[in-house]
Amino acid sequence: MNHQSMNIRIQAPCPPSPSSVLPPRFNHKTPLILPRVNCSNEVVSHVVPQMEASSDVGNSSINISKNKRAFGWSQKQSLSLKQPLKNDLKPLKALMTSSTTQDTSASFVNDGKIGVLLLNLGGPETLDDVQPFLFNLFADPDIIRLPRLFRFLQKPLAQFISVARAPKSKEGYASIGGGSPLRQITDAQATELRKALYEKNVPAEVYVGMRYWHPFTEEAIEQIKKDGVNKLVVLPLYPQFSISTSGSSLRLLESIFREDEYLVNMQHTVIPSWYQREGYIKSMADLIEKELKTFNNPEKVMIFFSAHGVPLAYVEEAGDPYKAEMEECVDLIMEELERRKINNQYTLAYQSRVGPVEWLKPYTDQTIIELGEKGVKSLLAVPISFVSEHIETLEEIDVEYKELALESGIKEWGRVPALGCEPTFIRDLADAVIESLPYVGAMAVSNLEARQSLVPLGSVEELLATYDSQRRELPAPVTVWEWGFTKSAETWNGRAAMLAVIVLLFLEVSTGEGFLHQWGVLPLQLPLLP
Ligand SMILES: C=CC1=C(C)c2cc3[nH]c(cc4nc(cc5[nH]c(cc1n2)c(C)c5CCC(=O)O)C(CCC(=O)O)=C4C)c(C)c3C=C
Ligand SMILES: [Fe+2]
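Residues numbered from 1 in each chain as written. Chains lettered and ligands numbered in written order. Predicted model: local features only at pLDDT ≥ 70, side-chain atom pairs only at ≥ 80, totals over all residues. Heavy atoms only, no water.

1. Considering helix H8 (residues 217–226)
Note on helix geometry: an α-helix contains 3.6 residues per turn, so any two residues three or four positions apart are oriented the same way. Among all positions in H8, only Thr217, Glu218, Ala220, Ile221 and Ile224 are buried. Buried residues of H8 fall within an arc of 160° about the axis and therefore sit on the same side. Here the buried face of H8 lies against strand E1 (114–120), strand E2 (204–210), strand E3 (231–236), helix H9 (243–258) and helix H10 (261–264). After H8 finishes, the residue Gly228 shows a positive phi value of roughly 70°. (Buried < 20%, exposed > 50% of the residue type's maximum accessible area, 1.4 Å probe, protein only. Helix = DSSP H or I, 4+ residues; strand = E, 2+ residues; numbered from the N terminus. Arc of directions from axis to C-beta. Contact = heavy atoms within 4.5 Å.)

And the structure:
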């Protein structure tokens, strides 16, 4: 990635250097909070605890330990700032307070029009949208990665898989009311975030850019340009970073930025993940604490964190920090609960796998069965990877997993709602945005201290350069053949079938004849994305 071509304006004291990319693991210490689904219009008072912000930026260790205490951070996530900070690193001071500071905002708000771009996945709004939505999803090389030689088949394959999967997906969406609630909830979150920013004296417009359905990221960017935004904070609505979610959206954004005169000159910064923010952790703990009280014996309930899975190779071969961030997130929530004298047993599993390859384990369905076998009687499901209700909470958890749990001997079942527009959460998102403002346009910071600082901020291209440099081609899931009815055999059969499909598709596309043409799947109606 060519940093020069992005023409970032550097505000930081030190010039950019090739070593200025963020560390390989996107384990950034950014703060945030989230609340619940009822996006009301209530006016929210500012209750973020005021922290004692030292004016002595030079003595970083003192500042940081104060913050750690105030946040109640664990030893595990303590900051590794060993060297003293330089006095000229002013933005860091702002980032060290969770109260986010009217004074911080004042100095950055006045000279420019601020925009916040919320990135999300998007979902079909009607049943007719389901197949084209799935096409967009499977056409994304960050979701299905074909070997270089077969890249030209990405769209035909996406068409094939989306058509094949659409009936099952449609059933799911039909059962939750005929479409995904994602757009409505994300719009409401944007509205509440704008209000929260305004209440903190930071007037900013908030935009929603979806990856696979309306309003597409491209549409949001057009609006951002029309509105004359010149300082942009990019905030993916995924607490934990994954190549398949935030990474994919940032990659798209980077390609849009690269090709656009206006955007090349717009200052921006990115908050790549924020699962470790005090506000988010406390909001999750609040929801869990509240839901536990609905059980007959709250202390006997197994807290069951269920995260959306990703293929194992993303983590093991491509360096996706998703699993590590997820585990740390769960630890932080449990530590917060322990501080509240809630010492329940807990577990983490991964749901929603698709396709023939191995995904992150343990799988949610298998874990539920095992817990039933072990005699667990009460289970509280906690969706952990996403902050809105969506098909995988409303259908997969509430219907499929609940049924499985009851069949497996679990007697009492509960589910924590997604955060949605919980006021504490939205306020913390606003704080995260405000804390990032000093970094808008300043991300080519070569300063080691800044890169080690608590905030995982980075410009789009720097983040992606880092993650690209870590990542190799996604490998085959199994490399050795084993005889018998084994996992290996299953995988190789799957691969053989996939190869056959690819060859057939290739023949179809090149000859214009075949069973897909007979079924009307081909010729393709491709241009769903610009
Ligand atoms: C952190 C959240 C998510 C991760 C990680 C993720 C990875 C991932 N997903 C698929 C395949 C599908 N995802 C689908 C929908 C969907 N996925 C997420 C979140 C994550 N996905 C959301 C929020 C949604 C939208 C839900 C809605 O309400 O509309 C779908 C479509 C639904 C279905 O048919 O099941 C698919 C397919 C892969 C392959 C993947 C990682 C590589
Ligand atoms: Fe997904």
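Resuming the write-up.
2. Considering the pattern of salt bridges
Scanning the entire structure with this criterion turns up 22 salt bridges. The residue Asp260 makes a salt bridge to Lys225 at a minimum N-O spacing of 2.5 Å. Of the two residues, Asp260 is situated in the loop between H9 and H10 and Lys225 in helix H8; the sequence distance between them amounts to 35 residues. The class for Lys225 is partly exposed, based on a relative accessible area of 22%. Of the charged contacts, one joins Arg277 and Glu435 as a salt bridge, the two residues approaching to 3.1 Å between their closest N and O atoms. Linking Arg277 in the loop between strand E4 (267–270) and helix H11 (278–292) with Glu435 in helix H16 (residues 423–436), this pair joins segments that are 158 residues apart in sequence. For Arg277, a relative accessible area of 0% translates into the label buried. Connected via shared salt-bridge partners are Asp286, Glu289, Glu336, Arg339 and Arg340. (Salt bridge = Lys/Arg side-chain N within 4 Å of Asp/Glu carboxyl O.)

3. What about the site of ligand 1?
Arg165, Ser169, Tyr173, Ser180 and Ile391 are the nearest of the 28 residues found near ligand 1. Taking Ser169, its side chain carries an N or O atom lying 2.3 Å from an oxygen atom of ligand 1. The separation between an oxygen atom of ligand 1 and a polar side-chain atom of Ser180 is 2.9 Å. Starting from 790 Å² of accessible surface for ligand 1 in isolation, the protein chains cover 96%. Every element with two or more residues in the shell around ligand 1 is listed here: helix H5 (130–138), helix H6 (154–175), H9 and helix H15 (391–407). A total of four residues in the shell around ligand 1 trace back to one element, the largest contributor, which is H5. Across the shell around ligand 1, the residue classes break down as 17 nonpolar, nine polar and two charged. Both domain 1 (114–274 + 424–467) and domain 2 (278–419) contribute no fewer than three residues apiece to the shell around ligand 1. (Near = heavy atom within 4 Å. Polar contact = N/O pair within 3.5 Å; in protein donor to acceptor, adjacent residues only side chain to side chain. Areas by Shrake-Rupley, 256 points an atom, 1.4 Å probe, with all protein chains shown as cover. Nonpolar A, V, L, I, M, F, W, Y, C, P; charged D, E, K, R; others polar. Domains from an automatic or database assignment.)

4. Overview of the sheet that holds strand E8 (residues 412–415)
In space, the four strands of this open sheet follow the order E6-E5-E7-E8, with parallel pairing throughout. Two strands bound the open sheet, and with one partner strand each, they are strand E6 (346–351) and E8. Taken pair by pair, the neighbouring strands of this sheet meet at an average axis angle of 25°, ignoring direction. Across the sheet, helix H13 (residues 322–339) is in contact with strand E5 (302–308) and E6; its angle to E6 comes to roughly 150°. (Pairing = 2+ DSSP bridges. Axes fitted to C-alpha atoms, helices over the stretch in contact; angles between N-to-C directions.)

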